[in-house]
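# Fold and contact review
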Amino acid sequence: MSAPEPQATDARRTAIVGIGDSHAGDLAGSPIGGDAIICEDGVISWIGPAEQADLGGCTTVLDAGGAAVVPGLIDSHVHVTFGDYTPRQRTVGFLESYLHGGMTRAISASEVHVPGRPTDVVGVKALAIAAQRCFLDYRPGGVTVHAGSVILEPGLTADDFAELYAAGVRLAKGGFGAFAGPRDYAPVVRAAREAGLVVMVHTGGGSIRGSLELIDARALLEMRPNVLGHVNGGPTSLSPEENAELVAHGHDMALQLVQAGNLKSALHITELALENGAAHRLLIASDTPTGTGVIPLALLRTMAELVSLGPLDPAQAIAAATGNVADTYGLDAGRVAVGRPADFVVLDAPLGSRAADWRGALEVGDLPAVSAVVTQGEVRFVRSRNTPPARRPARVTAGAPQPLP
């Protein structure tokens, strides 16, 4: 069942024109069927040829300058706490900075980094509900945060998960609880899934004090979570044989590949997924902020690595951070289509690259330039402060980007 969407409050009418290449969010990278988009009330209301676009009443018109428009990127492994702050790296404003790397939505991988986090049943439920509520209408820099991921602990029951679901919590995370061994998670994961929560479980070696030393393939196949969190290691990976087992026998379990993991393992899992017809299970995420740090360009960097060094094509890489994520988590986002949330990234080759466009940039291992980002139908900026300038810069021809909140 789909996760609750924060309610958009945007009453503006925004147009994007001058679109060159486009990607609708599916694995094929289908074009959107036009070179112009109109957004109303934070939702895509029309897509088609620019000469037919009704620009009347548009408060903002963004000219993409012939560059590409793709869905806003969704990072499915972000350790949010409260506000736009990470105590792990003592950094303020990291989510707004990630927006400048094309990330328009963040999905909590649990609020495990909250200092002094509770471990009792009442406490972990309260923490998840509080986080979900705090981000319901708070969008740092324009980023939508799907927060409130209950940390699975011994003692949680089907009634607890039903209570959490009724309160609006849709996420759960296994791997940090006080279970004696990884297989003890299995009945709790099952109960959470049956209640409608999307369950992610830590894969590989332990990452922080208090986590299990290792959660291996055999335990994961017994648990059967929705998402194999950082399946390429967070940061310590499983063996190639275990990778093969998870891809071949994991069936509907998403394979989440993260920047904060093992690159060699990520390349191997990507190859296995394509060989087994499981490209739809691939998710690209960051697994940050962690000990690895705050990485605003994590998603683009992982895409460049998996395309230039591995078997993914550029369209598949975008889908792994957009449509695949939306399908896994039951979100409306991740697709460019009428009726969907108006979240977009304008991408192009960076200045100085030998590539001609964003696809070519990924193929040669360069990070594409983020020329502009639109979230909830509002232009948040033109020209990212974190990527190089675009070969074909976007510009606002009517109205102006709204100031960042």
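Structure shown above.
Presented here is an overview of the structure given in this document. Within every chain, residues take consecutive numbers counted from 1 along the sequence as written. Local features are withheld for residues below a pLDDT of 70 in this predicted model, meaning they are given only at 70 or higher, and side-chain atom pairs are given and counted only at 80 or more; totals for whole chains, interfaces and linings count all residues. Side-chain measures here rest on the full set of heavy atoms in the structure, leaving out hydrogens and waters.

On to helix α3 (residues 158–166), then. Within α3, the full set of buried residues consists of D160, F161, L164 and Y165. Buried positions in α3, seen along its axis, are confined to an arc of 135° and lie on one side of it. In this structure, α3 carries D159 and A166 as exposed residues pointing more than 90 degrees from its buried face. As for α3, its buried residues are in contact with α2 (121–134), β11 (149–151) and α4 (186–194). Following α3 by one or two positions, G168 adopts a phi angle in the positive range, close to 105°. Three exposure classes are used, based on accessible area relative to the maximum for each residue type with a 1.4 Å probe and protein chains only: buried under 20%, partly exposed in between, and exposed over 50%. Secondary structure counts use DSSP, requiring at least four H or I residues in a row for a helix and at least two E residues in a row for a strand, with both numbered from the N terminus. By construction, the arc corresponds to the directions joining the helix axis to the C-beta atoms. In what follows, a contact means two residues having at least one pair of non-hydrogen atoms within 4.5 Å.

Once that is clear, we can look at the sheet that holds strand β20 (residues 369–375). One requirement defines pairing of two strands: DSSP has to find at least two bridges between them. The strand order across the open sheet formed by four strands is β5-β19-β20-β21, and the pairing between neighbours is antiparallel. The open sheet is flanked by β5 (68–71) and β21 (378–382), the only strands paired with a single partner. Between one strand axis and the next, the sheet turns by 25° as a mean value, whatever way the strands run. Relative to β21, β20 is paired through four bridges, and the arrangement is antiparallel. Across the sheet, V374 pairs through a bridge with V379, a residue of β21. Comment: axis = line fitted to C-alpha atoms, over the contacting stretch for helices; angle = value between 0 and 180 degrees taken between N-to-C directions.

The salt bridge definition used is simple: a Lys or Arg side-chain nitrogen within 4 Å of an Asp or Glu carboxyl oxygen. This model, assessed by the stated rule, comprises 14 salt bridges. One salt bridge connects D63 with R395, and the closest N-O pair in it is separated by 3.8 Å. Of the two residues, D63 is situated in strand β4 (residues 60–63) and R395 in strand β22 (residues 395–398); the sequence distance between them amounts to 332 residues. Close ionic contact of R380 with E378 constitutes a salt bridge, the shortest N to O distance being 3.7 Å. Residues joined in a network through salt bridges with shared partners are K125, D160 and E163.

Looking at the secondary structure, you find T288 in the loop between β18 (282–285) and α8 (298–308). Judged by relative accessible area, which is 0%, T288 ranks as buried. A 3.5 Å cut-off defines polar contacts: any pair of N or O atoms within that distance qualifies, except that in protein one atom must be a possible hydrogen donor and the other a possible acceptor, and neighbouring residues in sequence count only when both atoms are side-chain atoms. For T288, the side chain forms a polar contact with the side chain of S286, separated by 2.8 Å. Sequence-distant contacts of T288, defined by excluding residues within four places in its chain, comprise H77, V78, H79, Y98, G293 and I295.

A separate point is the environment of T397. Inspection of the secondary structure puts T397 in strand β22. Each C-alpha atom of the pair T397 and T60 lies 7.5 Å from the other, and the pair is 337 residues apart in sequence. Contacts of T397, omitting those with residues within four sequence positions, involve V61 and D63.

Read across the sheet, five strands follow the order β3-β2-β1-β4-β22 without closing on themselves; strand pairing throughout is mixed. Two strands in the sheet have a free side with no partner beyond their single neighbour: β3 (43–48) and β22. Sheet twist, expressed as the average angle between the axes of neighbouring strands with direction ignored, equals 25°.

Attention shifts here to the pairing of strand β2 (residues 36–40). A large share of β2 lies buried, amounting to four of its five residues. The pairing of β2 with β3 spans five bridges and is classified as antiparallel. Paired with C39 across the two strands is I44, which belongs to β3.

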